[in-house]
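# Survey of secondary and tertiary structure
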Amino acid sequence: MAAGSAAKGVAGIMGGFAQRDAYSAQALGAQIERDMALLRGKQIGAQSREQLLTTEGNINTIRATRGASLNSATGQAIRKRTMQDSYRAEGAAVLSELTRASAADQARKGYRRSASWAVPLAVLNSVGDFASAASPFMPPKGK
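To start, this report covers the structure provided alongside it. Every chain is numbered on its own, with residues counted from 1 as its sequence reads. Side-chain atom pairs in this predicted model are given and counted only at pLDDT of 80 or more, local residue features only at pLDDT of at least 70, and totals for whole chains, interfaces and linings cover all residues. Hydrogen atoms and water are omitted, and side-chain values are computed over all heavy atoms in the structure.

Time to look at the overall build of the chain. Helical segments are the DSSP runs of H or I of at least four residues, strand segments are the runs of E of at least two, and each set is numbered from the N terminus. What the chain contains, in helices and strands, is two helices and zero strands. For this measure, only C-alpha atoms enter the radius of gyration; the expected value for a globule follows 2.2 Å times N^0.38, where N is the number of residues. Computed over the C-alpha atoms, the radius of gyration of the chain is 31 Å, more than 25% above the 15 Å expected from 2.2 N^0.38 for a compact globule of 143 residues. Along the longest, intermediate and shortest principal axes, the C-alpha atoms of the chain span 110 × 20 × 15 Å. Between buried and exposed lies partly exposed: a residue is buried under 20% and exposed over 50% of the maximum accessible area for its type, with that area taken using a 1.4 Å probe on protein chains only. Per-residue burial for the chain yields a buried fraction of 23% across its 143 residues. Contacts are assigned to residue pairs that have any heavy atoms within 4.5 Å of one another. Counted over contacts in the chain with a minimum sequence separation of 6, partners at least 24 positions apart contribute 85%. For the chain, the exposed area adds up to about 9,900 Å²; of that, 61% sits on carbon and sulfur atoms. Positive charges are assigned to Lys and Arg, negative charges to Asp and Glu, while His and the chain termini are left out of the count. All charge positions are set by atom: Lys at NZ, Arg at CZ, Asp at CG, Glu at CD. Charged side chains in the chain number 19 positive and 10 negative. The centres of these two groups are separated by 6 Å. Shrake-Rupley sampling with a 1.4 Å probe provides the accessible areas, and residues are treated as covered by the protein chains on show and by no other component.

The next subject is the environment of Arg-112. Structurally, Arg-112 is set in helix H2 (residues 73-134). Linking Arg-112 and Ser-24, residues 88 residues apart in sequence, is a C-alpha distance of 6.2 Å.

What follows covers the side chain of Glu-97. Take Glu-97: it is sitting in helix H2. There is a polar contact of 3.1 Å between the side chain of Glu-97 and the side chain of Arg-100. For Glu-97, the contacting residues outside a window of four places in its chain are Ala-37, Arg-40, Gly-41 and Ile-44. We call two N or O atoms a polar contact when they sit within 3.5 Å, provided that within protein one can donate a hydrogen and the other can accept it, with sequence-adjacent residues counted only if both atoms are side-chain atoms.

Turning to the environment of Glu-90, a few remarks are in order. Along the chain, the position of Glu-90 falls in helix H2. For the pair Glu-90 and Asp-35, spaced 55 residues apart in the sequence, the C-alpha separation amounts to 19 Å.

On to the side chain of Ser-48, then. Take Ser-48: it is sitting in helix H1 (residues 2-65). Taking relative accessible area as the criterion, Ser-48 reaches 10% and is therefore assigned buried. Setting aside residues no more than four positions away along its own chain, Ser-48 makes contact with Ser-86 and Glu-90.

What makes a salt bridge here is a side-chain nitrogen of Lys or Arg within 4 Å of a carboxyl oxygen of Asp or Glu, nothing more. Considering all chains together, one arrives at 12 salt bridges under this definition. When salt bridges with common partners are traced through the structure, they connect Arg-34, Asp-35, Asp-105, Arg-108 and Lys-109 into a single cluster.

Only residues above 30% relative accessible area that lack a salt bridge enter a patch, with like-charged residues linked at up to 9 Å and the nonpolar side chains Val, Leu, Ile, Met, Phe, Trp and Tyr linked at up to 5 Å. Side chains of Trp-117, Leu-121, Val-123, Leu-124 and Val-127 sit close together on the surface and give an oily, nonpolar patch of about 490 Å² of accessible area. By relative accessible area, Leu-124 is classed as exposed at 59%.

If you want it as structure tokens, here you go:
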């Protein structure tokens, strides 16, 4: 019985080490997700600006082909509206990625915290097993 309790205690501690490694791997995965979301946010911003330049160039080409002034009030209004729509869409897409990055970062912190406590908690949980293993060897109380 004592050997079984001791083995159970050791197994509990070894399980704590395995749990720590699992949490560490999950923290790494969350860190990678965070980094990828930040990168996607930057890529979305760059792609949005390229698309805006292309759209603006197309509008200018069409207006110039038709002989319309690029500096007219209508031309300026079209340009302003195109830029507003582009910036709004870019902001929403980038914000979505920043939110995803923030959530992944919070998950990473939680996994790291769990990893740091996995072994100490396993040791605390195994104390009872080690006490049970040692109890047959303890002198009886009061004698």
